[in-house]
Amino acid sequence: MANLLSTFIGIKSPNPFWLASAPPTDKEYNVRRAFQAGWGGVVWKTLGSEGPPVVNVNGPRYGVIHGPDRRVLGINNIELITDRPLEVNLREIKSVKRDYPDRAMVISLMVPCDEDSWRDILARIEDTGADGVELNFGCPHGMSERGMGSAVGQVPEYIEMVTRWVKQYSRMPCIVKLTPNIADIRKPAEAAMRGGADAVSLINTINSITSVDLDLFAPQPTIDGKGAHGGYCGPAVKPIALNMVAEIARNPATRGLPISGIGGVTTWRDAAEFMALGAGTVQVCTAAMTYGFKVVQEMITGLHDYLDSHDMEMSDLIGRAVPNVTDWNQLNLNYVTKARIDPDLCIKCGRCYAACEDTSHQAIAMKPGRVFEVIEEECVACNLCVDVCPVENCIDMRELAVGETDLRTGIRRGLYANWTTHPNNPMAAKAAE
């Protein structure tokens, strides 16, 4: 059986599944239950400076987007960092780490953006036995208005400066948690690397308003008739997170920088996708909040089975897809496929026909008896029919062989050619001169 033992920037855990810094990691009781359920590590909910704790709202803190079956697709939250006293958190962290020495214990931190504040908080946590720190430069609400969280994460110079302070005043490995609320995720990652970060984690939550109450005419969650933007997470953000992880993994300036992947990890397959794009560990929040801590057991079993069935170890998986991530202008424009419908699997629902006839290329014909056939002369291989078909594997895409004629264009399929050399590209001729 594949070994799921993880060593990430020197931090060991029995598996790569960590709970992200969030409500599930806010106190000793929760974290002990998480470890008993099988989680390999936790990032303790963000600690702030010593003094009066932050004050959270005492009304609804979450908004949600549901799928048609009431499945949770995304959660918006307006909760702040821990509202429990610093000393209580530190005492509980020390207690849990003492009893679970084999689990990863990372402390999330957020304090004002000045050197003394960071030096002080680091001194306070040194004797907890924690394995590392994660700098919360991603929180998009509440704390950002105070010059912390994403207010720091959106300014590469601040990221580099604070990371240098942390590396100067702490012995512990340092993970920088990045905000997705930025145009180019590579810039903050490069800044963290320049500051000496041992790793980055991403993504933090996305600025969002999930819905509007059409009776109160206020965003939800609603507090005394008003609402505010919050941070969005859950399965719906996974595509954004995967792209940002891949951007860092394939960027020459940050290639090799360890990554902890976050954003919509609900199943072992989600985790494996993050790892294939370069993540060494994955962090989970929404899945645990939706299904409870034991959801990790399916993740562990599923990843084991996948690796075993492919005769792989985790080290073989991490980063394996990165070389296949490219820019659009490098894609093979001579690659041609055509949709193909399996009549034995077709349930005659007509979704493919309606989607193609109304919104695409009129490339599916409906014959007598509701028999659906692809019109190859019209098919551009957009894949929409595959995506809307409710029957798995009923429609697939057949690749044309090199030399085979595309009935739509009348052109024989050639070898690899991308946009940089394509005759329709006005810049291609100039580049060749």
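Just so you know, these numbers come straight off a predicted model, no measurement behind them.

Visitor: Before we move on, can you summarise the overall build of the protein chain with the specific residues and values?
Guide: When helices and strands are tallied, the protein chain shows 14 helices and 22 strands. Reported as C-alpha extents along the three principal axes, the dimensions of the protein chain are approximately 75 × 60 × 45 Å. Burial statistics for the protein chain: of 433 residues in total, 50% are counted as buried. For the protein chain, contacts bridging at least 24 residues in sequence account for 69% of all contacts bridging at least 6. Summing over all exposed atoms, the protein chain offers an accessible surface of approximately 20400 Å²; the carbon and sulfur share of this is 52%. Side-chain charges in the protein chain split into 42 positive and 52 negative, and the spacing between the mean points of these groups amounts to 2 Å.

Visitor: Tell me about the nonpolar core, and please be specific about residues and values.
Guide: Core analysis: the largest hydrophobic core is formed by 82 residues, its most contacted members being Trp 39, Trp 118, Val 176, Leu 202 and Leu 303. Ranked by the residues each element gives to this core, the list is headed by helix H7 (residues 238-250), at seven residues. Residues in contact with Trp 118, not counting those within four places in the same chain, are Leu 109, Met 110, Val 111, Pro 112, Cys 113, Leu 135, Phe 137, Val 162, Trp 165 and Val 166. Ile 341, Cys 352, Phe 372 and Cys 394 belong to the second-largest nonpolar core, a separate cluster that totals 13 residues.

Visitor: Describe in detail the packing of aromatic side chains, supporting the description with residues and values.
Guide: If you walk through the whole model with that rule in mind, you get five aromatic pairs. Aromatic pair Trp 118 and Phe 137: ring centres 6.4 Å apart, planes at 75°, arrangement edge-to-face. Highlighted residues: Trp 118 in helix H3 (residues 115-125) and Phe 137 in the loop between strand E8 (132-136) and helix H4 (150-153), separated in sequence by 19 residues. On the accessibility criterion, Trp 118 (2% relative accessible area) is buried. With a relative accessible area of 2%, Phe 137 lands in the buried category. Ring centres of Tyr 353 and Phe 372 lie 6.0 Å apart, and the angle between their planes is 40°; this geometry places the pair in the tilted category.

Cut-off values and rules
- Residues numbered from 1 in each chain as written.
- Predicted model: local features only at pLDDT ≥ 70, side-chain atom pairs only at ≥ 80, totals over all residues.
- Heavy atoms only, no water.
- Helix = DSSP H or I, 4+ residues; strand = E, 2+ residues; numbered from the N terminus.
- Buried < 20%, exposed > 50% of the residue type's maximum accessible area, 1.4 Å probe, protein only.
- Contact = heavy atoms within 4.5 Å.
- Areas by Shrake-Rupley, 256 points an atom, 1.4 Å probe, with all protein chains shown as cover.
- Lys, Arg positive; Asp, Glu negative; His and termini not counted.
- Charge placed at Lys NZ, Arg CZ, Asp CG, Glu CD.
- Core = buried A, V, L, I, M, F, W, Y, C linked by side-chain atoms within 4.5 Å.
- Phe/Tyr/Trp six-rings, centres within 6.5 Å; stacked < 30°, edge-to-face > 60°.

That is the geometry; function is a separate question.
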